[in-house]
Amino acid sequence: MGIAIAQVDAFADRPFTGNPAGVCVLDAPTDAGWMQNVALEMNLAETAFLHPEADGYRLRWFTPTVEVDLCGHATLASAHILWEAGHLPMGTTARFHTRSGLLTARQAGDLIELDFPAEPAIEVKEETQAGDSAPEILAKALGVRGTFVGKNRFDYLVEVESEAAVHGLNPDMRALASLPVRGVIVTSRAATGAFDFVSRFFAPATGVPEDPATGSSHCCLGPYWQARLGKSALIGYQASARGGIVRVRVETEGNRAGRVALGGHAITVLRGELADVASP
């Protein structure tokens, strides 16, 4: 018997939208090189690998080229598979031990809701070694000037003047890949009432030129738009070719301050197994 693997569309309201993630549930820890090879073979933005640990599961995320510290859509996909495949009873909270600490997922009606750390961006104007400011470098790489440029521990955040500017982006991926960050989030206020804001996410340095629907970027977008719009419950639309909808609730009180809840749907589109020849 081979090892079961599934492909799940996350933050998707119908199949073939949102962000596809591979999910591989293992019995025990295995070699990181093997996981990286499987992720390269799957050639998705992320493939998640889980095995039982303590009171939950150890969860690791791999792009086709690197392991990453935080990934929303593959966490949502992992929780979906744990319930769907019977690894966890329906209604049980999924607990994940990760490089970003303990993350949880719960069923909230027909949504899956993730408990993630908030990752707010701080405005940046610092000079680079070449003497150009970060806003100038990003303006050249994106082909549009930001009205705000910020940075958190993972990414740059750039607000542009309109939703049309977000949709019209055609960035210089080589220039973006040269930046000392995981990726670049570009956002604007939404033009229609269906959504509060729109965004796109580019991460060529990690082997993902454009990510279709990114949970972890909304750990930054949630606090940013909460401060600007004055509301804690927001709906974001990621304006990639596939499109994705991420519901964000920014927690501000008590021991929940500094956390965000990310809500979305997940749809399994493929189930299979890795042949014995591919076993670790």
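Structure shown above.
Now for a quick tour of the structure. Owing to the predicted nature of the structure, the values given are computational and were not obtained by experimental measurement. (Residues numbered from 1 in each chain as written. Predicted model: local features only at pLDDT ≥ 70, side-chain atom pairs only at ≥ 80, totals over all residues. Heavy atoms only, no water.)

### As for the overall build of the chain
Across its full length, the chain carries six helices and 18 strands. Taking the principal axes of the C-alpha coordinates as reference, the chain spans close to 55 × 40 × 35 Å. Out of the 280 residues belonging to the chain, those deemed buried represent 56%. A fraction of 62% describes how many contacts in the chain between residues 6 or more apart in sequence connect residues 24 or more apart. Carbon together with sulfur atoms contributes 51% to the accessible area of the chain, which is approximately 12000 Å² in total. Positive and negative charge centroids in the chain, built from 23 and 32 side chains respectively, lie 4 Å apart. (Helix = DSSP H or I, 4+ residues; strand = E, 2+ residues; numbered from the N terminus. Buried < 20%, exposed > 50% of the residue type's maximum accessible area, 1.4 Å probe, protein only. Contact = heavy atoms within 4.5 Å. Areas by Shrake-Rupley, 256 points an atom, 1.4 Å probe, with all protein chains shown as cover. Lys, Arg positive; Asp, Glu negative; His and termini not counted. Charge placed at Lys NZ, Arg CZ, Asp CG, Glu CD.)

### Observations concerning the pairing of strand β17 (residues 259-264)
Burial within β17 is extensive, with six of its six residues counted as buried. Here β17 shows no split at all, with R259, A261 and G263 on one side and V260, L262 and G264 on the other all buried. Where strand β16 (residues 244-250) meets β17, four bridges bridge the pair, whose relative direction is antiparallel. If you follow R247 over to β17, its bridge partner there is G263. (Pairing = 2+ DSSP bridges.)

### A word on the packing of aromatic side chains
What characterises a pair of aromatic rings is the spacing of the ring centres plus the angle enclosed by the ring planes. For the coordinates displayed, the defined rule picks out six aromatic pairs. Relative to F62, the ring of F49 has its centre 5.7 Å away and its plane inclined at 85°; by these criteria the two rings are edge-to-face. Remark: F62 occurs in strand β4 (residues 56-62) and F49 occurs in strand β3 (residues 46-53); sequence separation between them is 13 residues. The exposure class of F49 is buried, given its relative accessible area of 3%. (Phe/Tyr/Trp six-rings, centres within 6.5 Å; stacked < 30°, edge-to-face > 60°.)

### Regarding helix α3 (residues 134-142)
If you check which residues of α3 are buried, you get A134, L138, A139, A141 and L142. Down the axis of α3, the smallest arc covering the buried residues is 170°, so these residues share one side. Phi turns positive, to about 80°, at G143, one or two residues after α3. (Arc of directions from axis to C-beta.)

### Things to note about the nonpolar core
Buried together is how nonpolar side chains tend to be arranged in soluble globular proteins. Membership of the largest hydrophobic core comes to 54 residues, with the highest contact counts inside it found for W61 and F96. Among the elements that take part in this core, helix α2 (residues 72-84) stands out by supplying seven residues, more than any other. Judged by nonpolar contacts, the second largest core, of 20 residues, contains V149, L169, L176 and V181. (Core = buried A, V, L, I, M, F, W, Y, C linked by side-chain atoms within 4.5 Å.)

### Quick look at helix α6 (residues 218-229)
Turning to α6, its buried residues are H218, C219, C220, L221, G222, P223, Y224 and W225. Directly after α6, the chain includes G230, whose backbone phi takes a positive value near 70°.

### Quick notes on the pairing of strand β15 (residues 233-238)
Alternating positions in β15 separate cleanly, L234, G236 and Q238 being buried on one face and A233, I235 and Y237 remaining unburied on the opposite face. Where strand β13 (residues 197-203) meets β15, three bridges bridge the pair, whose relative direction is parallel. Opposite V198, over in β15, you have Y237 as the bridge partner. Judged from the six bridges that link them, β15 and β16 form a sheet pairing that is antiparallel. Looking at β16, one finds that Y237 is bridged to I245. In textbook terms, the turn of a hairpin is the stretch between consecutive antiparallel strands, and for β15 and β16 this stretch comprises five residues, one of which, G243, has a positive phi near 75°.

### Quick notes on a nonpolar patch on the surface
Side chains of F16, V269 and L270 sit close together on the surface and give an oily, nonpolar patch of about 290 Å² of accessible area. Here F16 shows up in the loop between β1 (3-10) and β2 (19-25). Residue classification places F16 among the exposed positions, given a relative accessible area of 63%. (Patch = residues over 30% accessible without salt bridge, like charges linked within 9 Å, V, L, I, M, F, W, Y side chains within 5 Å. Salt bridge = Lys/Arg side-chain N within 4 Å of Asp/Glu carboxyl O.)

### Regarding the environment of F197
Structurally, F197 is set in strand β13. Its relative accessible area of 0% is what places F197 among the buried residues. In the structure, F197 is positioned 41 residues away from Q238 in sequence and 8.7 Å away in space, judged by C-alpha atoms. For F197, the residues in contact, after removing those within four places along its chain, are T187, S188, R189, A190, H218, L221, W225, L234, I235, G236, Y237 and V248.

### Notes on unusual backbone geometry
Backbone geometry at F11 places phi at a positive 55°, although glycine is not the residue there. Following the sequence through the fold, F11 ends up in the loop between β1 and β2. Not every positive phi belongs to a glycine, and A54 is a case in point at roughly 50°. Within the element layout of this structure, A54 appears in the loop between β3 and β4. Of the residues examined, A54 reaches a relative accessible area of 77% and is grouped as exposed.

### Overview of the pattern of salt bridges
Inspection of the entire model under this criterion finds 20 salt bridges. The network of salt bridges with common partners includes R106, E113, D115, R249, E251, R256 and R259.

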